[in-house]
Each structure stands twice: as C-alpha cells, then as structure tokens.
Amino acid sequence: MAQKADKIILQINRKQPRAHGYHNRIHIRDVTWLTECDQPLPEYLQPESSEVDRKISELILPMIPDGATLQLGLGGLSNAIGYGLKDRRNLSIHTEMYSDSMMYLAKLGAISGKQVAGFAQGSQALYDYISEGHVEFMPLSIVNDPVEIGKNDNMISINACIMADLTGQVCSESIGFRQYSGTGGQLDFVRGAAMSKGGKSFLCLSSTRTDKQGKRHSKITVDFPKGAVVTTPRSDVMYIVTEYGIADLYLRSIEDRVHAMISIAHPDFRKELHEQAVQNGLIRD
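Residues numbered from 1 in each chain as written. Predicted model: local features only at pLDDT ≥ 70, side-chain atom pairs only at ≥ 80, totals over all residues. Heavy atoms only, no water.

**Student:** I'm lost on the sheet that holds strand β2 (residues 20–21) in this one. Help?
**Tutor:** Hydrogen bonding along the main chain pairs the strands of a sheet, whether they run parallel or antiparallel. Spatially, β2-β7-β6-β5-β4-β8-β13-β17-β18 is the arrangement adopted by the nine strands of the open sheet, whose pairing is mixed. Edge positions in the open sheet fall to β2 and β18 (245–248), since each of these has one partner strand only. Along the sheet, helix α1 (residues 51–60) contacts β8 (155–160), β13 (200–204), β17 (239–242) and β18; its crossing angle with β17, the most-contacted strand, is approximately 140°. (Pairing = 2+ DSSP bridges. Helix = DSSP H or I, 4+ residues; strand = E, 2+ residues; numbered from the N terminus. Contact = heavy atoms within 4.5 Å. Axes fitted to C-alpha atoms, helices over the stretch in contact; angles between N-to-C directions.)

Next comes the structure, spelled out in structure tokens:
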C-alpha cells in the first residue's frame with residue numbers, strides 16, 4: 001500500500017512488535033508525516049472449540065502427517081486442530097494469518113521448519129513471540145500466491161465455510177445478499193494445496209444451523225438461497241467435512257459428489273436431500 005500512496009502518514013507505537021520479514025519496512029525519507037501514540041495492540045481471543053469443532057478435528061487430524069505445512073483459518077475449529085497437533089513433528093507454517101495455536105506448536109517443538117505468514121492476530125503473548133523474530137512476514141501477494149503455496153510439500157489447508165450445496169459449491173462469505181465476512185485467502189490456499197505434492201484442503205462446517213424461531217436447517221442444500229456467494233467453486237474443492245464425516249469430492253462425477261455430500265449431512269435431512277437430488281436430476285432414484 002505504501003508503494004502506491006502519494007502521502008504516507010505513520011503512527012509510531014512503541015508497543016508494536018518489530019516484525020521480521022520481507023518488504024516490512026518503510027524508509028523515513030519516504031514518509032510525509034509522523035505521529036506518536038503508544039497503545040497496546042488489540043487482542044483477538046479466539047472462541048472455545050465447540051463439540052462439533054472437536055468432532056470435525058478428530059476426523060481431520062489423522063490425515064495430517066509429520067512434516068506437513070499448515071494453513072489454518074480463524075475460530076474454534078482451527079484451535080481444535082492446531083492444539084490437536086501437539087504430537088506431530090517437523091511441521092512448518094505457510095499461512096495468511098498466524099495465530100496462538102501455531103505459537104503453541106512452535107514452543108512445543110512440533111514446528112521445526114519455516115514459519116511464513118501475511119499477518120498475525122491473537123494474544124499479547126503472541127505479539128511478544130513475534131517480536132523475537134520467529135515468524136517471517138511477507139506481502140499477501142506472495143503468501144497467498146497459489147504457486148508459492150504449492151511449492152510446500154504436504155500443504156494442509158483448513159478453513160471454515162457457511163454452507164455447501166450437493167455438488168460441492170462452497171459459500172464462505174455471505175448469508176444471502178448480506179456480506180458476512182471477507183473472501184480472504186480460502187480459494188488461494190485450496191488451489192495451492194492442490195498444486196502441492198501430498199497436499200490436502202479441507203472446508204469445514206457444522207451440518208445444521210438453528211434460526212431465531214428455533215427451527216433447524218441443513219447447511220448442506222440442493223442449491224443456495226438467492227444472493228449467496230460461491231467462494232470456492234466445486235471444481236477446486238477437495239474435502240468437505242462435517243461432524244458426520246468427510247466427503248472426498250476431488251475429480252469426482254456429479255452423482256458421486258451428491259451421494260458423498262448426502263452422507264455427511266445431518267441424518268434428519270438425508271432423505272429429503274436425496275429426494276430433492278432425484279427431482280432435480282442430479283442422481284438417479
């Protein structure tokens with residue numbers, strides 16, 4: 001951003017950790033104005049893992065080998081997986097966001113390879129750890145480049161999503177027309193993991209949601225509601241995971257995809273989803 005700006009205004013903050021990395025400094029000669037304000041960085045204390053998060057993590061953890069390179073998203077699921085990897089060895093990090101669970105693994109010795117990230121968000125302890133130079137920060141144009149991601153063998157990408165349809169399209173950013181979150185680097189890492197030797201990508205969601213009236217709905221549907229955004233196309237999706245299992249969709253036919261997705265839906269909705277799939281010509285009766 002600074003390379004494109006006509007004017008650069010910097011806030012000097014003694015509580016900002018010194019970040020190690022590439023393209024992470026601005027020379028004083030390029031600065032238009034300076035201001036000083038020493039204030040703690042905002043902490044992001046991630047939520048506790050839910051029972052569904054723990055069930056999903058139990059399905060994914062056996063598929064992550066020693067020597068893997070990790071990318072984890074935000075939230076309780078990422079924590080369940082991150083802290084669940086404490087017995088692995090020779091792990092590395094190539095991730096958009098660096099988090100407390102990664103610091104935990106590094107301090108345990110589970111991470112012994114490189115640690116590359118685009119940014120970090122978490123506790124003050126995390127910021128203190130970063131100031132010691134353990135993590136190499138790079139611009140997102142490099143970190144999120146699928147080709148760069150794919151250079152890591154056994155690249156493991158794990159992200160959450162909002163809903164998925166029966167053919168494997170994934171929505172991770174909107175609820176109808178309402179934008180719920182940013183697009184982020186999900187698709188970049190899904191594609192990068194596919195380029196990686198031994199790479200795997202997992203898109204995870206709970207099988208149901210409950211509305212304000214207390215009615216339960218399946219988050220796996222025959223089609224998306226009006227306005228819902230396709231964040232990750234079905235042609236890129238590898239594994240979709242709920243608390244009921246893992247659907248391997250990579251390079252599969254439409255009919256195989258539909259059967260796999262129905263198998264990981266909540267049992268209460270499987271018959272209805274099967275009937276809808278038949279009615280819409282996705283599978284044979």
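**Student:** Would you take a moment to explain the nonpolar core for this structure?
**Tutor:** A general trend in soluble globular proteins is that nonpolar side chains are found buried together. One finds I60, I64, L70, I81, Y98 and I158 to be the most contacted residues of the largest nonpolar core, which totals 32 residues. Looking at this core, the element that brings in the most residues is helix α3 (residues 100–108), giving four residues. A164, L203, I262 and A265 belong to the second-largest nonpolar core, a separate cluster that totals 23 residues. (Core = buried A, V, L, I, M, F, W, Y, C linked by side-chain atoms within 4.5 Å. Buried < 20%, exposed > 50% of the residue type's maximum accessible area, 1.4 Å probe, protein only.)

**Student:** Explanation requested: the pattern of salt bridges in the structure shown.
**Tutor:** Oppositely charged side chains can pair when the atoms bearing their charge come close. One pass over the full model with this rule turns up seven salt bridges. Residue E51 is joined to R54 by a salt bridge in which the shortest nitrogen-to-oxygen separation is 3.3 Å. With E51 and R54 both in helix α1 and three residues apart, the pair spans about one turn of that helix. A residue is classified by how much of its surface remains accessible, and R54, at 37% relative accessible area, is partly exposed. (Salt bridge = Lys/Arg side-chain N within 4 Å of Asp/Glu carboxyl O.)

**Student:** Which parts of the structure should I look at to understand the state of the cysteines?
**Tutor:** Scanning all chains against the criterion turns up zero disulfides. Residue C204 stays outside any disulfide, its sulfur separated by 7.1 Å from that of C161, the closest cysteine. (Disulfide = S-S within 2.5 Å.)

**Student:** Honestly, the sheet that holds strand β9 (residues 163–165) in this entry has me stumped. Any pointers?
**Tutor:** Spatial strand order, β10-β9-β16: three strands in an open sheet with mixed pairing. Since the sheet does not close on itself, it has two edges, and those belong to β10 (170–171) and β16 (220–221), each with one partner. Alignment of β9 against β16, held across two bridges, turns out to be parallel. Each bridged residue has a counterpart across the sheet, and for D165 the counterpart in β16 is T221.

**Student:** Explain the environment of Y244 here, please?
**Tutor:** Inspection of the secondary structure assignment puts Y244 in the loop between β17 and β18. Between the C-alpha atoms of Y244 and S206, which are 38 residues apart in sequence, the distance is 8.9 Å. Apart from residues no more than four positions distant in its own chain, Y244 is found in contact with S207, S263, I264, A265, H266, P267 and R270. Among the polar contacts listed, one links the side chain of Y244 to the side chain of H266, at a separation of 3.4 Å. (Polar contact = N/O pair within 3.5 Å; in protein donor to acceptor, adjacent residues only side chain to side chain.)

**Student:** Is there a simple way to explain the packing of aromatic side chains in this structure?
**Tutor:** Aromatic rings in a pair are described by how distant their centres are and how their planes are angled relative to each other. A complete count under the given rule lists three aromatic pairs for this structure. Aromatic pair Y98 and Y129: ring centres 6.4 Å apart, planes at 15°, arrangement stacked. With a gap of 31 residues between them, Y98 in strand β5 (residues 91–98) and Y129 in helix α4 (residues 124–131) connect regions that are remote in the sequence. Its relative accessible area of 6% is what places Y129 among the buried residues. Residue placement shows R270 over the ring face of Y244; its charged tip is 5.7 Å from the ring centre. (Phe/Tyr/Trp six-rings, centres within 6.5 Å; stacked < 30°, edge-to-face > 60°. Lys NZ or Arg CZ within 6 Å of the ring centre and 35° of its normal.)

**Student:** Explain helix α9 (residues 267–279) to me, please; I cannot follow it from the model alone.
**Tutor:** Note that an α-helix has 3.6 residues per turn; residues three or four places apart therefore point the same way. For α9, every residue scored as buried is listed here: F269, L273 and A277. On an axial view of α9, the arc spanned by its buried residues comes to 75°, and they lie on one face. Exposed positions of α9 whose direction lies more than 90 degrees from the buried face are K271 and Q279. Those residues of α9 that are buried lie in contact with β14 (208–210), β15 (216–218), β16 and α8 (254–264). Positive backbone phi, approximately 75°, marks G281, located one or two places after α9. (Arc of directions from axis to C-beta.)

**Student:** So what exactly am I meant to see when it comes to the side chain of T69 here?
**Tutor:** The residue T69 is located in strand β4 (residues 69–72) in this model. Taking relative accessible area as the criterion, T69 reaches 5% and is therefore assigned buried. Contacts of T69, omitting those with residues within four sequence positions, involve S92, I93, H94, N152, D153, N154, M155 and I156.

**Student:** Whenever I open this one, unusual backbone geometry confuses me. Can you help?
**Tutor:** Apart from glycine, the bulk of residues carry a negative phi angle, and the bulk of peptide bonds sit in the trans form. Even without being glycine, N90 reaches a positive phi, approximately 60°. As for its position among the elements, N90 is in the loop between α2 (76–84) and β5. One non-glycine residue, N154, adopts positive backbone phi at about 55°. With respect to the helices and strands, the residue N154 is situated in the loop between α6 (146–150) and β8. Classification of N154 as partly exposed rests on a relative accessible area of 25%.

**Student:** Even after reading the chapter, I still don't get the pairing of β17, so can you show me in this structure?
**Tutor:** Along a regular strand, successive side chains alternate from one face of the sheet to the other. What you see with β17 is no split at all: Y239 and V241 on one side and I240 and T242 on the other are buried throughout. Judged from the three bridges that link them, β13 and β17 form a sheet pairing that is parallel. Along β17, the bridge assignment pairs F202 with Y239. Sheet topology places β17 next to β18; four bridges connect them, and they run antiparallel. Within β18, the position partnered with V241 by the bridge is I246. As consecutive antiparallel partners, β17 and β18 are separated by two residues.

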